[in-house]
Amino acid sequence: MEGFYTFITQHYILPFYLIVWIVAMARYSTYYDTPLKYYPMYLMYTLLTEVLGYLIKYFDEFQVIHVEKYSWYNVLIFNIYSVISFMFYYYVYWLVVKNKDHKKWIIIGALVTLASYAISLFFQDPFYSNLYYADIVASIILLVNIWFYIKEKKQEDSPYPMKYNLMFWTSLGLGVFHIIYPPLFWVGYEIPQIWIDYNFRTILSISILFMYGTFLIGVLVHSRKAFR
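Rules behind the numbers
Residues numbered from 1 in each chain as written. Predicted model: local features only at pLDDT ≥ 70, side-chain atom pairs only at ≥ 80, totals over all residues. Heavy atoms only, no water. Salt bridge = Lys/Arg side-chain N within 4 Å of Asp/Glu carboxyl O. Helix = DSSP H or I, 4+ residues; strand = E, 2+ residues; numbered from the N terminus. Buried < 20%, exposed > 50% of the residue type's maximum accessible area, 1.4 Å probe, protein only. Core = buried A, V, L, I, M, F, W, Y, C linked by side-chain atoms within 4.5 Å. Contact = heavy atoms within 4.5 Å. Expected span 1.5 Å × (residues − 1). pLDDT = per-residue confidence, 0-100.

*Asks:* Please set out the pattern of salt bridges residue by residue, giving values where relevant.
*Replies:* All chains considered together, the criterion is met by three salt bridges. A salt bridge links Glu156 to Lys98; its shortest N-O distance comes to 3.8 Å. Of this pair, Glu156 sits in the loop between α6 (132-155) and α7 (166-190) while Lys98 sits in the loop between α4 (75-96) and α5 (100-120); the two residues are 58 residues apart in sequence, bridging distant segments of the chain. For Lys98, a relative accessible area of 57% translates into the label exposed. Residue classification places Glu156 among the partly exposed positions, given a relative accessible area of 25%. One continuous salt-bridge network, built from bridges that share partners, spans Lys98, Lys153 and Glu156.

As structure tokens, this is what we get:
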């Protein structure tokens, strides 16, 4: 029981992921036919990735690097997760925006992101390091996609307040997180002492909680008619 308590206190974000997924599933009927119809699958994939990352880090049976010194490294699964996560959101924004030029630029951005990850493989080992330069490129492109969506949304004449729009809350969480997350990881790898001295891990945890907090608010308060 003590071990379980330690796990929960040190990895409190995992139960929060589960709560968001449960609520998203409970309200699935209100957005099952929208571009976010795969949202619960994505949330569950996130949760399972985090759980697997924990198992790899603390249990020898799950290690992916068979070198004792690095056996606890779980970075590979998070590199894979990053690519899938960005492609998922690019796809969602490609579906929700209406402007053809915006759609074209989202596709171009997705190709640039994939190229960035491919190029990073020549300079960074995905088994031992986050592909943080590619992550920075991908985050900037995602922020541009969010801007496309917000720009179109502001030009629409809708009778429904933004606070009832699931895409608004999703975009808010993603936008804030992807402004904070890339520079944090860059500092963590390039200037690790600053990461330690200024407790950047806590900042990262807070930004994750904020993002999933907005996801939770979105699935709780949104209205089907206000979606877009």
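After that view, the rundown keeps rolling.
*Asks:* Can you tell me about the nonpolar core, naming the residues and giving the values?
*Replies:* The biggest cluster of nonpolar side chains holds 52 residues, and the ones touching the most others in it are Leu36, Tyr93, Tyr212 and Phe215. Listed by contribution, the elements that provide at least two residues to this core are α2 (13-26), α3 (39-58), α4, α5, α6, α7 and α9 (200-221). Phe215 has contacts with Val20, Tyr39, Leu43, Tyr89, Trp169, Thr170 and Leu174, leaving out every residue within four places of it along the chain.

*Asks:* So what's going on with the environment of Tyr89? Which residues, and what values?
*Replies:* Checked against the element boundaries, Tyr89 lands in helix α4. Separated by 53 residues in the primary sequence, Tyr89 and Leu142 place their C-alpha atoms 7.6 Å from one another. Discounting chain neighbours no more than four positions away, the residues touching Tyr89 are Tyr39, Tyr42, Leu142, Thr170, Leu174 and Phe215.

*Asks:* Could you give an account of α2, with specific residues and numbers?
*Replies:* One full turn of an α-helix is made of 3.6 residues, so residues set three or four places apart face in the same direction. Along its 14 residues, α2 runs 20 Å from first to last C-alpha, staying within 8% of the 20 Å computed at 1.5 Å per residue. The complete set of buried residues in α2 reads Ile13, Leu14, Phe16, Tyr17, Val20, Val23 and Ala24.

*Asks:* So what's going on with unusual backbone geometry? Residues and values would help.
*Replies:* Positive phi is not limited to glycine here, since Asn199 has a value of about 55°. We classify Asn199 as partly exposed; its relative accessible area is 42%.

*Asks:* Please provide a residue-by-residue account of the confidence of the model for the protein chain, values included.
*Replies:* Residue-level pLDDT values for the protein chain average 87, and 88% of them are 70 or greater. Highest mean pLDDT in the protein chain belongs to α5 (97); lowest belongs to helix α1 (residues 2-10) (47). Here residues 1-9 is modelled with pLDDT under 50, and outside its nearest four sequence neighbours on either side it reaches three contacts, counting other chains as well. The low-confidence segment residues 67-72, where pLDDT is below 50, has eight contacts with residues more than four positions distant or belonging to other chains.

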